Amino acid sequence: MSRSAVAGEPTERVRAAAPQPTGAVEPVETDPGEAEEFLRLFHTERSDAGDFRTRWSQVRVEIARTGTYTHTPEELQFGAKVAWRNSSRCIGRLYWNSLQVRDHRSQRTPAGIYQALTDHLRISTNGGAIRPVVTVLPPLKPNGEGVRVHNEQLIRYAGWSRPDGSVVGDPGQAQFTAMARRMGWTGGSGSDFDLLPLVIEAPGHQPLLGDVPEELVLEVLITHPELPWFAELGMRWHAVPVISNMLLSIGGISYPAPFNGWYMGTEIGARNFADEDRYNLIPEVAKRLGLDTSREETLWRDRVLLELNRAVLHSFGEAGVTITDHHTESRRFLLHLKKEERAGRIVPADWTWIVPPMSSGITPVYHRYYDEADLLPNYLPDPRVTARQAGCPFGHGG
């Protein structure tokens, strides 16, 4: 593959066609009320936090003088973990306190950010024993300016648009692929699984195109436990879902902060492989299975979906890569809910995201209501991103 990064050191490119903003950014003045609320929470839950009144007095003066303030490393680590705990769209929050928080607020050049993100991939992949990790980048300024990672995930596959309207690869990435090409990206071979480059912007610098080093991308070849022909489909998927188009909101401050958990199998088997606007494998697998597709009542789609998801779980298991199934994760979510209730905390949850996209009615998360509060800290959609809805810190959003 032709590379725009050599030996892990990307070069900043003169902007051939600058990334086009997808949404206006409103000024984001630091809210003293949010700052005070967060600091109270930090000092309540952390017995070693020191005196709240002294810290709040410092922060209040700093906001009045500069319009914002700086979190201590301890506050940042606490806030990033609690943001995961509060993420209402995430089913995997049982593990919130195990999140590894990497403080890279000092990285202000695209090259430095690129290095931080490639290190993130190495640390989180961990040879297949996936670690939940967040890399916190410099906060947005009060006027909304700041670092932007344009990728929705650090690892995505290109979508190559053809003149007839079809797409080779991932149709969900066709627009991003075209943007990268306009900027000068010459990588890829036009195949179904070409790794897209990172596109990074930072104030005062030209945008950077940097290929993701292939040695950092652990991929799983998809086979089936009983159907040998499944390997002929040539499917694969990457091991770590690092979501990079959301903002970490802590105490009135917003940080670009790529983060990951590990995959739940249905996100790959029932969404990335099955959705009509993604790899759309259902018709081909149905044909190979010899199913009657002439009538919906044969439930041929359901039968294909089952085999796709079996293949994903089987393949990740054989490769020794962390993954979870939707039944197990549903039970773990209810365990998380009980633990939080015992701690006196509510568990906000968006039912439409918590309930898996397959076999919903036979998972325990289906049969109850949830609190719908919007708590802070949290991982929130970046107002600069409108084209696709942002995902989940556990990787279930795309």
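Cut-offs applied
- Residues numbered from 1 in each chain as written.
- Predicted model: local features only at pLDDT ≥ 70, side-chain atom pairs only at ≥ 80, totals over all residues.
- Heavy atoms only, no water.
- Helix = DSSP H or I, 4+ residues; strand = E, 2+ residues; numbered from the N terminus.
- Contact = heavy atoms within 4.5 Å.
- Pairing = 2+ DSSP bridges.
- Axes fitted to C-alpha atoms, helices over the stretch in contact; angles between N-to-C directions.
- Core = buried A, V, L, I, M, F, W, Y, C linked by side-chain atoms within 4.5 Å.
- Buried < 20%, exposed > 50% of the residue type's maximum accessible area, 1.4 Å probe, protein only.
- Salt bridge = Lys/Arg side-chain N within 4 Å of Asp/Glu carboxyl O.
- Parallel < 35°, antiparallel > 145°, perpendicular 65-115°, else oblique.
- Nonpolar A, V, L, I, M, F, W, Y, C, P; charged D, E, K, R; others polar.
- Patch = residues over 30% accessible without salt bridge, like charges linked within 9 Å, V, L, I, M, F, W, Y side chains within 5 Å.
- Areas by Shrake-Rupley, 256 points an atom, 1.4 Å probe, with all protein chains shown as cover.
- Lys, Arg positive; Asp, Glu negative; His and termini not counted.
- Charge placed at Lys NZ, Arg CZ, Asp CG, Glu CD.

1. Digging into the overall build of the chain
Counting its secondary structure elements, the chain contains 10 helices and 16 strands. Expressed as a percentage of contacts within the chain between residues at least 6 apart in sequence, the contacts between residues at least 24 apart total 72%.

2. Quick word on the sheet that holds strand β3 (residues 100–103)
What the 4 strands build is an open sheet, ordered β3-β4-β15-β12; its pairing is mixed. Among the strands making up the open sheet, the edge pair consists of β3 and β12 (242–243). Contacting β3 and β4 (133–136), helix α3 (residues 73–85) runs over the sheet at an angle of about 135 degrees to β3. This element, helix α4 (residues 110–125), spans β3, β4, β12 and β15 (259–260) of the sheet and lies at about 165 degrees to β4.

3. Some thoughts on the nonpolar core
Ranked by size, the top nonpolar core spans 85 residues in total, and within it Val134, Leu248 and Tyr379 carry the most contacts. The dominant element in this core, judged by the number of residues it contributes, is helix α8 (residues 300–319), at 7 residues. Sequence-distant contacts of Leu248, that is, excluding residues within four places in its chain, are made with Gly79, Ala80, Ala83, Val136, Ile253, Ser254, Tyr255, Ala257, Asn378 and Tyr379.

4. Re the pattern of salt bridges
Side chains carrying opposite charge are able to pair once their charged atoms draw close together. With the rule as written, the count across this model stands at 23 salt bridges. Between Asp382 and Arg384 there is a salt bridge; the shortest N-O distance is 2.8 Å. Each of Glu45, Arg85, Glu340 and Arg345 takes part in salt bridges that share partners, so that together they form one network.

5. Topic: the packing of helix α1 (residues 32–45) against α3
Relative to each other, α1 and α3 sit at 95 degrees, their axes nearing to 11 Å. Here α1 lies roughly perpendicular to α3, going by the angle between them. Together, Phe38, Leu39, Leu41, Phe42 and Glu45 of α1 and Glu74, Glu75, Phe78, Gly79, Val82 and Arg85 of α3 make up the contact between the two elements. Residues belonging to the contact of α1 with α3 are distributed by class as follows: 6 nonpolar, 1 polar and 4 charged.

6. A few points about the packing of helix α7 (residues 282–289) against α8
Between α7 and α8, whose axes approach to 9 Å, the crossing angle comes to 95 degrees. Put simply, α7 runs roughly perpendicular to α8. Between α7 and α8, the contacting residues are Ile282, Val285, Ala286 and Leu289 on the first element and Trp300, Arg301, Val304, Leu305, Glu307 and Leu308 on the second. For the contact of α7 with α8, the class distribution of residues is 8 nonpolar, no polar and 2 charged.

7. Considering a negative patch on the surface
A surface patch of negative charge is lined by Glu341, Asp371, Glu372 and Asp374. Relative to the elements of secondary structure, Asp374 occurs in the loop between α10 (351–354) and β16 (378–381).

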